[in-house]
Amino acid sequence: MLDTIGQYEEHFNKQTFRITFKTRDFQIVLLKKDLTKDQQEFSVLLDGLVQTLIKRDGKWHFAHGEDNDLAEDIWRQIALRYRL
């Protein structure tokens, strides 16, 4: 955990996204500045853990994990905020 915090320390002062998914609250910090609509992969800090989201067949998925609906909701929140 300390390695993660040290590696992404500059991102802790950024605005945090909050999302409620299946009655559970999540905090998300975008780790990439120049995100575009055509992005195929990006990383977020999700509740203290770095997660990579990958776009496959027009839908967003976690690189490691099964909850694709959460990945879609994270992208939707980011896309609304940055008007992508």
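Up top you'll find the structure we're talking about.
Residues numbered from 1 in each chain as written. Predicted model: local features only at pLDDT ≥ 70, side-chain atom pairs only at ≥ 80, totals over all residues. Heavy atoms only, no water.

(A) Main features of the packing of aromatic side chains. If you walk through the whole model with that rule in mind, you get three aromatic pairs. Ring geometry for F42 against W75: centres 5.6 Å apart, planes inclined by 50 degrees, an arrangement best described as tilted. Of this pair, F42 sits in strand β3 (residues 41-46) while W75 sits in helix α2 (residues 68-82); the two residues are 33 residues apart in sequence, bridging distant segments of the chain. In this structure, F42 and W75 share a single accessibility class: buried. (Phe/Tyr/Trp six-rings, centres within 6.5 Å; stacked < 30°, edge-to-face > 60°. Helix = DSSP H or I, 4+ residues; strand = E, 2+ residues; numbered from the N terminus. Buried < 20%, exposed > 50% of the residue type's maximum accessible area, 1.4 Å probe, protein only.)

(B) Structural context of the sheet that holds strand β1 (residues 17-21). Spatially, five strands are ordered β1-β2-β3-β4-β5 in an open sheet, and the strand pairing comes out antiparallel. Edge positions in the open sheet fall to β1 and β5 (59-62), since each of these has one partner strand only. Taking the axes of each pair of neighbouring strands and ignoring which way they run, one obtains an average angle of 40 degrees across the sheet. Pairing of β1 with strand β2 (residues 24-30), which is carried by five bridges, proceeds in the antiparallel orientation. Within β2, the residue paired with I19 across the bridge is F26. Against the sheet, α2 makes contact with β1, β2, β3, β4 (49-56) and β5, and its axis sits at roughly 120 degrees relative to β5, the strand it touches most. (Pairing = 2+ DSSP bridges. Axes fitted to C-alpha atoms, helices over the stretch in contact; angles between N-to-C directions. Contact = heavy atoms within 4.5 Å.)

(C) Geometry of the environment of F42. You can call F42 buried: its relative accessible area is 2%. Separated by twelve residues in sequence, F42 and L30 have C-alpha atoms that sit 8.3 Å apart. Contact partners of F42, with chain neighbours within four places excluded, come to L30, K32, L35, Q51, T52, L53, W60, W75 and I78.

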